[in-house]
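Analysis of the macromolecular model
Given next are the chains, with one letter for each unit.
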Amino acid sequence: ASATELAAVQSAPLADIAEHVLDVSDNEAAEVLGHHVGLATSGTGSFAAGAAGVKETLAGWGIDTGRLRLYDGSGLSRHNRVSTSTLLAVLRRAAGDQGAELRSVVTGLPVAAFTGSLTYRFDTVPKVARGTVRAKTGTLTGVHALAGLVTGRDGVVKVFVIAADK
């Protein structure tokens, strides 16, 4: 108690961390965030508590979690099951008027032909797609997905999820 403080460190804001995790697909940091969700919702920092906390939070927002199966924070577990309708609902909320608490999900999504996992995707398509698509890739053996949003030529934001299994 009488020691002199030599240094102090504060974490970056959670929104900045979430943006980074999404942009570079940092699975280890995603797991840490999942454990922190568990700590915040139940006082327990574990895979199970994090998954339960995510499910509880989504349900509290009115998002259907009936078929949602989560076992980790990164999405790498082969046991995870997330429907396209659940992903769409989360993206709609993040991009909508009630999405302030999820805004970093939108701002952290990689930008077509510029950042993250989309740096080299969309870079050879017509210029209209470059910079207008924000999306997160999801790839496991035999499973490929892209979920995000795009602003159409009409100025309306469209939310999408495309997934292929096997």
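Right, let's walk through the structure included here. Per-chain numbering applies: the sequence of each chain, read as written, is numbered from 1 onward. With the structure being a predicted model, the display of local features is reserved for residues of pLDDT at least 70 and the display and counting of side-chain atom pairs for 80 or more, all residues being used for whole-chain, interface and lining totals. For the side-chain quantities, the full set of heavy atoms in the structure was used; hydrogens and water were omitted.

**A short note on unusual backbone geometry**
Most peptide bonds take the trans configuration, and most residues that are not glycine carry a negative phi. With phi around 70 degrees, A113 is a residue other than glycine that occupies positive phi space. Only DSSP runs of H or I with at least four residues qualify as helices, and only runs of E with at least two residues qualify as strands; both kinds are numbered from the N terminus onward. Turning to its location among the elements, A113 is positioned in the loop between α5 (103-108) and β1 (133-140). Backbone geometry places K166, a non-glycine residue, at a positive phi of 65 degrees. Mapping K166 onto the fold places it in the segment after β3 (157-165).

**Re helix α1 (residues 14-24)**
Residues of α1 that are buried include every one of A18, V21 and L22, and no others. Mapping the buried residues of α1 onto a view down its axis gives an arc of 95 degrees, with all of them on the same face. When checking whether two residues touch, look at their non-hydrogen atoms; a contact exists if any pair is within 4.5 Å. On its buried face, α1 is in contact with α2 (27-42), α5 and β1. In the stretch just after α1, S25 is the one whose phi turns positive, near 55 degrees. In this scheme, a residue with accessible area under 20% of its type's maximum is buried, one over 50% is exposed, and one in between is partly exposed, where area comes from a 1.4 Å probe on protein chains only. Here, the arc refers to the directions that run from the helix axis to the C-beta atoms.

**Considering the pairing of β3**
Paired strands, as defined in this entry, are two strands with at least two bridges between them according to DSSP. Bridging between strand β2 (residues 143-151) and β3 involves nine bridges; their strand directions are antiparallel. Looking across to β3, one finds that V143 is bridged to D165. Hairpin connection from β2 to β3: five residues lie between these consecutive antiparallel strands, with G155 at a positive phi of about 85 degrees.

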